[in-house]
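# Per-entry structural report
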Amino acid sequence: MSLIGSQGVVFLLVIALLATCTQNSKARATFENGLKSMVYLSSKITLHPGSVSNKLYYDIEFPKGHIAIKSFNAEVVDEAGNPVSLQQTYLHHWIASRYYERVGSEDRNYNANPGFDQSDIIMARNAGLCDHVLGQFFGLGAETRKTSTHIPDPYGIEVGNPLEVPSGYKEKWMLNIHTIDTRGAVDTLGCTECRYHVVINGKSQQA
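Residues numbered from 1 in each chain as written. Predicted model: local features only at pLDDT ≥ 70, side-chain atom pairs only at ≥ 80, totals over all residues. Heavy atoms only, no water.

### Details of unusual backbone geometry
The linkage connecting Asp-153 with the following residue, Pro-154, adopts the cis geometry, with an omega of 5°. Residue placement: Pro-154 occurs in the loop between β9 (138-140) and β10 (157-159). A positive phi angle is found at Asp-59, which is not glycine, with a value near 55°. Within the secondary structure layout, Asp-59 lies in the loop between β5 (52-57) and β6 (67-78). Looking at Asp-59, the relative accessible area reads 25%, which means it is partly exposed. (Helix = DSSP H or I, 4+ residues; strand = E, 2+ residues; numbered from the N terminus. Buried < 20%, exposed > 50% of the residue type's maximum accessible area, 1.4 Å probe, protein only.)

In structure tokens, the structure reads:
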């Protein structure tokens, strides 16, 4: 991949939650029709042309209490809060996962290699059919912009139920954000998609 320039840039992931019965938070909140909408900012993501960021952010700010989530949306923005074009920074994916952390264990806001003792963290998977993969509660890729995640009434995704939290643990949330800086790339598609070869009838074909 050929690149032009080397200027770094800082991005953030904006997370908008629409939930019922949330408690107070530092996030920007609005109320409408009995629902509370919360807007959060992730930690800063610093990139330069051609660089890739794929990090885990533990113990993110999240509504507290026993709530139902009606939608969960995300957007990549710059420091001024303006949306960032996919032609500038490609959002490969973001996922939000719930986990239980043992009370008294070390806090980790970010660690690429979490290093938790197996007894210190328990992943709280969704109720889907995939036992070992896709355990996240929310997540999308480049299509996240303008993709609706609304859950119609009378349904919602229940989280924060104290009866589900193992004794001696606290419920927390984490983000995995994977972005690719494509500024100045000669082959932008080559930066964001994997090329591979398949063999059909003994003949190799690139896809």
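### Points about the nonpolar core
By size, the foremost hydrophobic cluster in this structure holds 20 residues, and its most contacted members are Trp-94, Ala-96, Phe-138, Val-159, Trp-173 and Leu-175. Where this core is concerned, the elements lending two or more residues are β4 (45-47), β6, β7 (89-102) and β11 (169-181). If one sorts the elements of this core by residue count, β6 sits on top with five residues. (Core = buried A, V, L, I, M, F, W, Y, C linked by side-chain atoms within 4.5 Å.)

### A few points about the pattern of salt bridges
Tallied over the full model, the rule gives nine salt bridges. The salt bridge involving Lys-70 is made with Asp-153; its shortest N-O contact spans 2.6 Å. Here Lys-70 is found in strand β6, whereas its partner Asp-153 is found in the loop between β9 and β10, with 83 residues between them in sequence. Assessed through its relative accessible area of 4%, Lys-70 is described here as buried. Accessibility expressed as a relative area gives 64% for Asp-153, which makes it exposed. The salt bridge involving Arg-183 is made with Asp-181; its shortest N-O contact spans 2.7 Å. Pair check on accessibility: Arg-183 and Asp-181 agree, each one buried. Residues joined by salt bridges that share partners form a network here, namely Asp-59, Glu-101 and Lys-172. (Salt bridge = Lys/Arg side-chain N within 4 Å of Asp/Glu carboxyl O.)

### Here's the deal with the packing of aromatic side chains
Applying the stated criterion across every chain yields a total of five aromatic pairs. Judged by centre distance (5.6 Å) and plane angle (80°), the ring pair of Tyr-58 and Tyr-99 falls under edge-to-face. Taken together, the residues span a long stretch of sequence, with Tyr-58 in the loop between β5 and β6 and Tyr-99 in strand β7 at a distance of 41 residues. Taking the relative accessible area as the measure of exposure, Tyr-99 reaches 0% and is therefore buried. Ring geometry for Phe-72 against Phe-138: centres 4.4 Å apart, planes inclined by 20°, an arrangement best described as stacked. Here Phe-72 is found in strand β6, whereas its partner Phe-138 is found in strand β9, with 66 residues between them in sequence. When its relative accessible area of 1% is taken as the criterion, Phe-72 is described as buried. Residue classification places Phe-138 among the buried residues on the basis of a relative accessible area of 9%. Every member of this aromatic cluster is reached through a ring pair, and the members are Phe-62, Phe-72, Trp-94, Phe-138 and Trp-173. (Phe/Tyr/Trp six-rings, centres within 6.5 Å; stacked < 30°, edge-to-face > 60°.)

Read these as layout, nothing more, since geometry by itself doesn't imply function.
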